[in-house]
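Here is how the chains run, residue by residue.
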Amino acid sequence: MKLQRINGLRATALGALALSGALVLTACGSDDNADKTGTGEKTSAASNIKCEGAKGQLLAAGSTAQKNAMDLWVKNFQAACEGVEINYQAIGSGGGITKFTQGQVAFAGSDSALKEDEVAASKTVCKTGQGINLPMVGGPVAIGYKLSGVDNLILDAPTLAKIFDSKIKKWDDAAIKALNPDVTLPSTNIQAFHRSDESGTTQNLGKYLSEAAPADWKHDPKSKTWKAEGGQAANGSSGVATAVKGAEGSIGYFELSYATSQSIPTVKVATGASAPVEATTDNASKAIGAAKIKGTGNDVALSLDYKTKVEGAYPIILVTYEIACDKGNKPETLPTLKAFLNYAVSEDGQKVLADAGYAPLPAEIATKVRQIVPTLS
């Protein structure tokens with residue numbers, strides 16, 4: 001099944017941005033679960049969440065890319081569902097999938113779809129079924145940097161590939177100057193930071209560089225571990241963001257929410273469109289809107305177009321999946337799993353994403369996932 005380009009996506013994302021502010025502010029208050037009507041009803045966003053038998057503790061692990069989104073979802077869900085605890089460990093996509101295939105968690109968060117061997121491994125845990133990919137949140141992979149006196153930096157795929165592969169080592173390199181003719185670039189050494197852990201964010205950046213700059217990026221685009229030479233490693237998106245924030249001449253990659261929360265400037269990407277594209281949720285939504293479903297049945301794995309030249313479409317994107325068993329889930333955690341994922345993919349769950357630097361799912365993809373989650377067994 002393939003998706004046609006999703007019309008009106010920009011309007012949807014902008015609408016989500018406008019609405020999400022109020023929802024997030026409501027959720028952040030100390031009395032967000034209070035009865036302000038005198039009727040015993042909750043007045044926060046949590047009042048729309050259906051607990052549907054959710055109880056006890058639900059363990060999950062994986063992607064650091066979705067941690068800030070997960071924090072919002074968990075806060076709202078726990079406020080609505082008394083006695084429920086959602087424990088999500090942001091340990092990276094690879095670690096999350098390992099825990100899932102070993103039966104240690106009810107679901108895993110991953111910035112890339114399951115590989116064939118991982119699907120095979122999941123059948124041991126899922127018993128009567130297998131692991132499936134359920135897209136839940138999208139967004140841009142921002143390229144953050146710290147370079148004194150430079151607050152507007154443009155790079156393209158070949159230049160980024162050479163920087164992260166240690167082929168370009170100075171900020172005043174001719175290739176960078178050519179893309180930034182009006183910027184005074186210092187001769188500072190480039191400090192390129194990458195993830196030390198297995199990461200779907202690393203994989204998505206690798207796919208972008210491999211597809212958009214094939215002559216300059218020869219590393220395996222399917223790998224979740226960093227393959228390029230040189231550079232410095234840090235653990236998780238938060239670790240890379242902190243490293244970039246603290247080192248002059250640095251550059252690194254992480255989700256937009258980490259750049260926003262730490263006020264780290266981000267690179268505009270020259271894609272071949274009429275103007276370089278900034279990393280924003282709206283611009284990421286334009287690129288995600290061109291995604292095509294490559295999964296079959298209840299698997300909603302997506303194929304992303306990293307070479308897009310659509311005006312205003314930011315090409316370095318990821319979609320984070322929640323990976324769960326389609327059948328064979330543990331009976332004691334199944335109601336909580338379904339209720340939580342139902343909330344995350346619901347209109348209310350998606351609306352809170354934009355203010356956190358994420359792109360809500362395109363409507364057509366969200367609708368498909370909403371149909372699948374209730375069928376988990």
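Please refer to the structure higher up on the page.
Counting starts from 1 at the beginning of each chain's written sequence and moves along it residue by residue. Per-residue local features are limited, in this predicted model, to residues with pLDDT of at least 70; the limit for side-chain atom pairs, both in listing and counting, is 80 or more; totals at the level of whole chains, interfaces and linings are taken over all residues. The side-chain values count all of the structure's non-hydrogen atoms but skip hydrogen atoms and water molecules.

## Description of the overall build of the protein chain
- We count a stretch as a helix when DSSP gives it H or I for four or more residues in a row; a strand needs E for two or more, and each element gets its number in order from the N terminus. Within the protein chain, the regular secondary structure consists of 13 helices and 12 strands.
- Looking at the 377 residues of the protein chain, the share that counts as buried comes to 56%.
- Only the protein chains shown count as covering a residue, and every accessible area follows the Shrake-Rupley method with a 1.4 Å probe. Accessible area for the protein chain stands at about 15200 Å²; split by element, carbon and sulfur atoms hold 49% of it. For every residue, the accessible area (1.4 Å probe, protein chains only) is compared with the maximum for its type, and the residue is labelled buried under 20%, exposed over 50%, or partly exposed between those bounds.

## As for empty space enclosed by the protein
- Residues are called lining when one of their atoms sits within 4 Å of a cavity or pocket point, these points coming from a 1 Å grid over the protein atoms alone, where a cavity is a set in which a 1.4 Å probe fits but cannot get out and a pocket is an open set with protein on both sides within 12 Å along at least five of seven lines. Grid points are joined across faces, edges and corners, and a volume is the space filled by probe spheres set on the points. Per the stated rule, a full pass over the model turns up 2 cavities of 30 Å³ or more.
- For the largest cavity, the calculated volume is near 60 Å³.
- If you trace the largest cavity, you find it lined by Thr-202, Gly-206, Trp-217, His-219, Asp-220, Pro-221, Ser-223, Thr-225, Trp-226 and Lys-227.
- In this count, Pro and Cys sit with the nonpolar residues alongside Ala, Val, Leu, Ile, Met, Phe, Trp and Tyr, while Asp, Glu, Lys and Arg are called charged and the others, Gly among them, polar. Broken down by class, the residue content of the lining of the largest cavity amounts to 3 nonpolar, 5 polar and 2 charged.
- Its volume calculated, the second largest cavity comes out at about 30 Å³.
- Every residue along the wall of the second largest cavity is listed here: Ala-65, Gly-139, Pro-140, Glu-255, Leu-256, Leu-318, Gly-357 and Tyr-358.

## Focus on the packing of aromatic side chains
- Two aromatic rings, drawn from Phe, Tyr or Trp (for Trp, its six-membered ring), form a pair once their centres lie within 6.5 Å of each other, and the interplanar angle then sorts them: stacked below 30 degrees, edge-to-face above 60, tilted otherwise. Taken as a whole and assessed by the stated rule, the structure comprises 6 aromatic pairs.
- With 6.1 Å between their ring centres and 25° between their planes, Phe-107 and Phe-340 make a pair best called stacked. Linking Phe-107 in strand S3 (residues 107-110) with Phe-340 in helix H11 (residues 334-345), this pair joins segments that are 233 residues apart in sequence.
- For Phe-340, a relative accessible area of 0% puts it in the buried group.
- Judged by centre distance (6.0 Å) and plane angle (80°), the ring pair of Phe-164 and Tyr-253 falls under edge-to-face. Of this pair, Phe-164 sits in helix H5 (residues 157-164) while Tyr-253 sits in strand S8 (residues 250-255), placing them 89 residues apart in sequence. For the residue pair Phe-164 and Tyr-253, the accessibility class agrees, reading buried in each case.
- Here the aromatic cluster, defined as three or more aromatic residues joined through ring pairs, consists of Phe-164, Trp-217, Trp-226 and Tyr-253.

## Remarks on the state of the cysteines
- Cysteine sulfurs are considered disulfide-paired once they come within 2.5 Å of each other. Taken as a whole and judged by the stated rule, the model has 2 disulfides.
- Bridging Cys-51 to Cys-81, the disulfide has an S-S length of 2.1 Å. Residues Cys-51 and Cys-81 are joined through a disulfide that is left-handed, its torsion about the S-S bond being -100°. Separated by 30 residues along the polypeptide, Cys-51 in the loop between helix H1 (9-28) and strand S1 (56-62) and Cys-81 in the loop between helix H2 (67-80) and strand S2 (84-90) bring together distant segments of the chain.
- By sequence-ordered numbering of the bonded cysteines, the protein chain has its disulfides arranged as 1-2, 3-4.

## Details of the pairing of S8
- Counted residue by residue, S8 has 6 buried out of 6 residues, so it is predominantly covered.
- Examined bridge by bridge, strand S4 (residues 131-146) and S8 share 6 bridges and lie antiparallel to one another. Bridge pairing in S8 places Val-141 opposite Glu-255. A pair of strands counts as paired when DSSP detects no fewer than two bridges linking them.

## Brief notes about unusual backbone geometry
- One non-glycine residue, Glu-52, lies in the positive phi region at around 45°.
- For Glu-52, the position within the fold is in the loop between H1 and S1.

## Considering the layout of surface pockets
- Approximately 610 Å³ is the volume found for the largest pocket.
- In terms of lining residues, the largest pocket is bounded by 28 residues, among which Ala-113, Leu-114, Lys-207, Lys-294 and Leu-302 are the most central.
- When contributions to the lining of the largest pocket are tallied by element, the ones reaching two or more residues are S4, helix H7 (200-212), strand S11 (302-303) and strand S12 (317-325).
- Classifying every residue of the lining of the largest pocket gives 11 nonpolar, 9 polar and 8 charged.
- Contributing to the lining of the second largest pocket are 16 residues, with Gly-103, Val-105, Ala-106, Lys-330 and Thr-333 lying nearest its centre.

## Regarding the packing of helix H3 (residues 93-101) against helix H4 (residues 116-126)
- Their axes nearest at 8 Å, the elements H3 and H4 cross at an angle of 40°. Here H3 lies oblique to H4, going by the angle between them. Here H3 contributes Ile-97, Phe-100 and Thr-101 to the contact with H4, which in turn contributes Glu-118, Ala-121, Ser-122, Val-125 and Cys-126.
- Considered class by class, the residues forming the contact of H3 with H4 number 5 nonpolar, 2 polar and 1 charged. Between N-to-C directions, angles span 0 to 180 degrees; the directions come from axes that are lines fitted to C-alpha atoms, helices contributing only their stretch in contact. Oblique is the label for any angle not under 35 degrees, not over 145, and not in the 65 to 115 range, which are roughly parallel, roughly antiparallel and roughly perpendicular in turn. Whether two residues touch is decided by their heavy atoms; if any such pair falls within 4.5 Å, the residues are in contact.

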